[in-house]
Amino acid sequence: MAALRRMLHLPSLVAGVCLPFAGSLAGSSLADRCLWDRLHSQSCLGSVPTFDWFFGYEEVQGLLLPLLQEARAACPLRVLDVGCGTSSLCTGLYTKSPHPVDVLGVDFSFVAVAHMNSLLEGGQGQTPLRPGHPASCLRFMQADAQNLEAVASSGSFQLLLDKGTWDAVARGGLPRAYQMLSECLRVLSPQGTLIQFSDEDPDVRLPCLEQGSCGWTVTVQELGPFRGITYFAYLIQGSH
């Protein structure tokens, strides 16, 4: 969470991206939909089609690809990215995974979803995205991570990704974050894996996840440092 706050104050930390109003966001609620619509509308993306808080797909593919390899019994493997924004996680998995994946990115910002659907289809002067495996597919839809009823039934996904979404939702109160976690675990397969990417210290995050994930195994891996910041991957896994 500290990294997210630092980026709001120091937009130069995100290479190639201009956030002209970043300083004004520092005192805002990161759980506010209007704020994210404004962010995605006004970000000066320039020639960069995606925008990543923390880091992008390239930095975590070494963690994700082995998980896809292990879960190949599901073909294609269903992946859900909650609070996808305009991140490269979904597009990276779709275009670079050698394993077949069915990726769904959801975000409560209509602006973000519209941008990603346009990117997928080759809008804004971009080349349409091509899958890394012929059986892979990618979709984006507007949805609130605290209520995924319209997205999927229980146990639908083998891999679920949350890059900074808990951090943002928790700014509106921990009950909201726990509701989101409950929904994520509901749509996750009993043998699946939920990964939360964050810079929040394990001494703070692990007790919260253990409290909200009874019956699941919670572990943590250190990532980075990326641009001088150490991050963590919190893995919540069912029986394998």
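Residues numbered from 1 in each chain as written. Predicted model: local features only at pLDDT ≥ 70, side-chain atom pairs only at ≥ 80, totals over all residues. Heavy atoms only, no water.

Per an unreviewed UniProt entry, the protein carries the name Citrate synthase-lysine N-methyltransferase CSKMT, mitochondrial and comes from Sapajus apella. Quoted verbatim from the Subcellular location (unreviewed entry) field of UniProt, the annotation for the protein is "Mitochondrion". Its UniProt record gives the protein the following Function (unreviewed entry) comment, quoted word for word: "Protein-lysine methyltransferase that selectively trimethylates citrate synthase (CS) in mitochondria. Seems to conduct trimethylation in a highly distributive manner rather than in a processive manner, and thus introduces a single methyl group per binding event." (UniProt positions renumbered as here; feature names shortened; annotations may be inferred.)

Engineer: Is there a simple way to explain the packing of aromatic side chains in this structure?
Structural biologist: One pair of aromatic rings is described through two measures. These are the centre distance and the angle between the planes. The final tally for this structure, using the stated rule, is eight aromatic pairs. Here Phe232 and Tyr234 contribute two aromatic rings whose centre-to-centre distance is 6.1 Å and whose plane-to-plane angle is 40 degrees, an arrangement assigned as tilted. By relative accessible area, Tyr234 is classed as buried at 0%. Three or more aromatic residues link up through ring pairs in this structure, and these residues are Phe54, Phe55, Phe197, Phe226 and Tyr231. Above the ring of Phe157, the side-chain terminus of Arg78 is found at 4.4 Å from the ring centroid. Above the ring of Phe55, the side-chain terminus of Lys163 is found at 5.8 Å from the ring centroid. (Phe/Tyr/Trp six-rings, centres within 6.5 Å; stacked < 30°, edge-to-face > 60°. Buried < 20%, exposed > 50% of the residue type's maximum accessible area, 1.4 Å probe, protein only. Lys NZ or Arg CZ within 6 Å of the ring centre and 35° of its normal.)

Engineer: What's the story with the sheet that holds strand β6 (residues 217–226) in this structure? I'm lost.
Structural biologist: One key point about sheets: their strands pair by backbone hydrogen bonds, in either a parallel or an antiparallel sense. Pairing within the open sheet is mixed, and its seven strands lie in the order β3-β2-β1-β4-β5-β7-β6. With partners counted over all chains shown, the strands left at the sheet margins are β3 (137–142) and β6, one partner each. Across the sheet, the axes of successive neighbouring strands diverge by a mean angle of 20 degrees, strand direction being ignored. Examined bridge by bridge, β6 and strand β7 (residues 229–237) share eight bridges and lie antiparallel to one another. (Pairing = 2+ DSSP bridges. Helix = DSSP H or I, 4+ residues; strand = E, 2+ residues; numbered from the N terminus. Axes fitted to C-alpha atoms, helices over the stretch in contact; angles between N-to-C directions.)

Engineer: Help me out: how do you make sense of the side chain of Ser213 in this one?
Structural biologist: Looking at the element boundaries, Ser213 is found in the loop between α9 (202–212) and β6. Within polar-contact distance, the side chain of Ser213 engages the backbone oxygen of Leu209 at 2.8 Å. With near-sequence residues (within four places) excluded, Ser213 lies in contact with Leu181, Leu185, Val218 and Ile236. (Polar contact = N/O pair within 3.5 Å; in protein donor to acceptor, adjacent residues only side chain to side chain. Contact = heavy atoms within 4.5 Å.)

Engineer: When you look at the side chain of Thr91 in this model, what are you seeing that I'm missing?
Structural biologist: By the secondary structure assignment, Thr91 is in helix α5 (residues 89–96). Judged by its relative accessible area of 8%, Thr91 is buried. The residues touching Thr91, leaving out its near neighbours within four places in the chain, are Thr50, Met116, Leu119, Leu129, Leu138 and Phe140.

Engineer: Would you take a moment to explain the packing of helix α4 (residues 57–70) against α5 for this structure?
Structural biologist: Helices that pack against each other are described as a pair by the angle of their axes relative to one another and the distance between those axes. Relative orientation of the contacting elements α4 and α5 amounts to 55 degrees, with a least axis distance of 11 Å. Between α4 and α5, the crossing angle belongs to the class labelled oblique. For the pair α4 and α5, the crossing hand works out as right-handed. Contacts between α4 and α5 pair Tyr57, Glu58, Val60, Leu64 and Leu68 from the former with Leu89, Gly92, Leu93 and Lys96 from the latter. (Parallel < 35°, antiparallel > 145°, perpendicular 65-115°, else oblique. Left-handed = near helix turned anticlockwise from the far one by under 90°.)

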